[in-house]
Amino acid sequence: MTGQARTLVVEDDPVVATVHRGFVESHPRFVVVGEARTGADALRLASALRPDLVLLDLHLPDIGGLDVLQRLRMLPGPPVDVVATTAVRELDSVRQAMAGGVVAYLVKPFTSAALRARLDEVWQRREDVRRAQDTLDQDEVDQLLAGPRAADRLPKGLSGRSRDLVREALARLCGAVGSVTGSVSGSGAGGAVVSRDASAAEVAEAVGMSRVSARRYLEHLVAEGYAQVAPRYGATGRPENRYRPA
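Residues numbered from 1 in each chain as written. Predicted model: local features only at pLDDT ≥ 70, side-chain atom pairs only at ≥ 80, totals over all residues. Heavy atoms only, no water.

**Q** In this structure, what is going on with the overall build of the chain? I would like to understand it.
**A** When its secondary structure is counted, the chain shows nine helices and seven strands. Expressed as a percentage of its 246 residues, the buried residues of the chain come to 41%. Considering only contacts within the chain whose residues lie at least 6 apart along the sequence, 62% involve residues at least 24 apart. (Helix = DSSP H or I, 4+ residues; strand = E, 2+ residues; numbered from the N terminus. Buried < 20%, exposed > 50% of the residue type's maximum accessible area, 1.4 Å probe, protein only. Contact = heavy atoms within 4.5 Å.)

And the structure:
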């Protein structure tokens, strides 16, 4: 896939829609081409704009989001990727969304880092499909079905939520995300550029966890390819690892 992935934001709350638009457009590989406040508008714009990705709220004033998901699958042309962005937490709704083919399910409120990680996965999956041969062997089929998150298993004791918070804090401390940070609820938004890299202690203070825990998450981000690490030598001659987004 070349260029940017065209994204349709479906969200009935205009304030949240603006936040979601900012989150998406902070990613260099995605651009928002439209916003819909209702299910009917979502289907109309999806048909007219042919987006690559739809961020879909499941609480809509006219047509339920799960119904919209089913109807999106009936549109002609290549199937659109759908990420559910919703406060709906019921197991049955999650199962129906999975059956409808969502590529990710984000429960509000979520951070820009959490959405960015899912967008990375959407982009990688689409690239994997683009590069695939017309005829696949079993290993290639398994890899496409497993998706990019198959190699993204967290070590024991680490949580995805905390990993996302550490990743966002690192980006904020290093000035890598501008002003589009924080959560949908508005907490922790913004952040001044204070450094081009950060220590585990600085990240720990920003997130509110121990330095040891922050270092474990940072080392995992390095292993994932989301961060880089380099030693910095101080006056004592002892190096301190400094981290920055990759």
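Next comes the rest of the description.
**Q** Help me out: how do you make sense of the packing of aromatic side chains in this one?
**A** Any aromatic ring pair is given by two values, namely how distant the centres are and how the planes are angled relative to each other. With the rule as written, the count across this model stands at two aromatic pairs. Judged by centre distance (6.4 Å) and plane angle (55°), the rings of phenylalanine 23 and phenylalanine 110 are tilted. Placement of phenylalanine 23 in helix H1 (residues 14-25) and of phenylalanine 110 in the loop between strand E5 (104-107) and helix H5 (112-131) is noted, with a sequence separation of 87 residues between them. An identical accessibility class is assigned to phenylalanine 23 and phenylalanine 110; each is buried. Relative to tryptophan 123, the ring of phenylalanine 30 lies with its centre 6.2 Å away and its plane at 70°, an arrangement referred to as edge-to-face. Pair noted here: phenylalanine 30 is in strand E2 (residues 30-36) and tryptophan 123 is in helix H5, with a separation of 93 residues, a long-range link. With a relative accessible area of 1%, phenylalanine 30 lands in the buried category. (Phe/Tyr/Trp six-rings, centres within 6.5 Å; stacked < 30°, edge-to-face > 60°.)

**Q** Honestly, the nonpolar core in this entry has me stumped. Any pointers?
**A** A general tendency of soluble globular proteins is for nonpolar side chains to be buried together. The biggest cluster of nonpolar side chains holds 23 residues, and the ones touching the most others in it are Val10, Val54, Leu56, Val68, Leu72 and Val82. Counting only elements with at least two residues in this core, the list comes to strand E1 (5-10), helix H2 (39-49), strand E3 (53-56), helix H3 (65-72) and strand E4 (81-86). Leave out the neighbours within four places in its chain, and valine 54 touches Leu8, Val10, Leu72, Val80, Asp81, Val82 and Val83. Formed by 18 residues, the second largest nonpolar core is a distinct cluster that contains Ala5, Leu106, Leu115 and Val122. (Core = buried A, V, L, I, M, F, W, Y, C linked by side-chain atoms within 4.5 Å.)

**Q** Where do I start with the environment of tyrosine 105 in this structure?
**A** With respect to the secondary-structure elements, tyrosine 105 resides in strand E5. In this structure the C-alpha to C-alpha distance between tyrosine 105 and alanine 84, which are 21 residues apart in sequence, comes to 4.7 Å. Setting aside chain neighbours within four positions, we find tyrosine 105 in contact with Leu58, Ala84, Thr86, Val88, Ser93, Val94 and Ala97. Reaching out from tyrosine 105, the side chain makes a polar contact with the backbone oxygen of valine 88 at a distance of 2.7 Å. (Polar contact = N/O pair within 3.5 Å; in protein donor to acceptor, adjacent residues only side chain to side chain.)

**Q** Would you mind going over the pattern of salt bridges with me for this structure?
**A** Opposite charge on two side chains lets them pair, provided their charged atoms get close. In the structure shown here, the tally under the stated rule is 15 salt bridges. Of the charged contacts in the structure, one is a salt bridge between glutamate 25 and arginine 21, with a shortest N-O distance of 3.4 Å. Placement of both glutamate 25 and arginine 21 in helix H1 is noted, with a separation of four residues, approximately one turn of the helix. A residue is classified by how much of its surface remains accessible, and arginine 21, at 26% relative accessible area, is partly exposed. For glutamate 202, the salt bridge is made with arginine 242, and the minimal N-O distance between the two is 3.4 Å. Taken together, the residues glutamate 202 in helix H8 (residues 200-207) and arginine 242 in strand E7 (residues 239-245) connect sequence positions 40 residues apart. With relative accessibility at 32%, the residue glutamate 202 sits in the partly exposed group. Three or more residues joined by partner-sharing salt bridges are found here, namely Asp197, Glu202, Arg232, Glu240 and Arg242. (Salt bridge = Lys/Arg side-chain N within 4 Å of Asp/Glu carboxyl O.)

**Q** Explain the sheet that holds E4 to me, please; I cannot follow it from the model alone.
**A** In a beta sheet, neighbouring strands pair by backbone hydrogen bonds and run either parallel or antiparallel. The strand order across the open sheet built from five strands is E2-E1-E3-E4-E5, with neighbouring strands paired in parallel fashion. Because the sheet does not close on itself, it has two edges, and the strands there are E2 and E5. With strand direction ignored, the average angle separating the axes of adjacent strands in the sheet is 20°. Packing of H3 onto the sheet brings it into contact with E3 and E4, and relative to E3 it is tilted by some 165°. (Pairing = 2+ DSSP bridges. Axes fitted to C-alpha atoms, helices over the stretch in contact; angles between N-to-C directions.)

**Q** How should the packing of H8 against helix H9 (residues 211-224) be read in this particular structure?
**A** If you want to describe how two helices pack, look at the angle between their axes and the distance between the axes. In the contact formed by H8 and H9, the axes pass within 8 Å of each other and the chain directions differ by 105°. In this view, H8 runs roughly perpendicular relative to H9, as classed from their interaxial angle. Taking contact as the criterion, the partners of Ala200, Ala201, Val203 and Ala204 in H8 are, on H9, Arg211, Ala214, Arg215 and Leu218. For the contact of H8 with H9, a count of residues per class yields six nonpolar, no polar and two charged. (Parallel < 35°, antiparallel > 145°, perpendicular 65-115°, else oblique. Nonpolar A, V, L, I, M, F, W, Y, C, P; charged D, E, K, R; others polar.)

**Q** It is not clear to me how the pairing of E3 should be interpreted in this structure. Could you clarify?
**A** The two faces of a sheet get side chains in turn, since along a regular strand they alternate between them. The two faces of E3 match: Leu53 and Leu55 on one face and Val54 and Leu56 on the other face are all buried. Pairing between E1 and E3: four bridges, direction parallel. Across the sheet, the residue bridging to valine 9 is leucine 55, located in E3.

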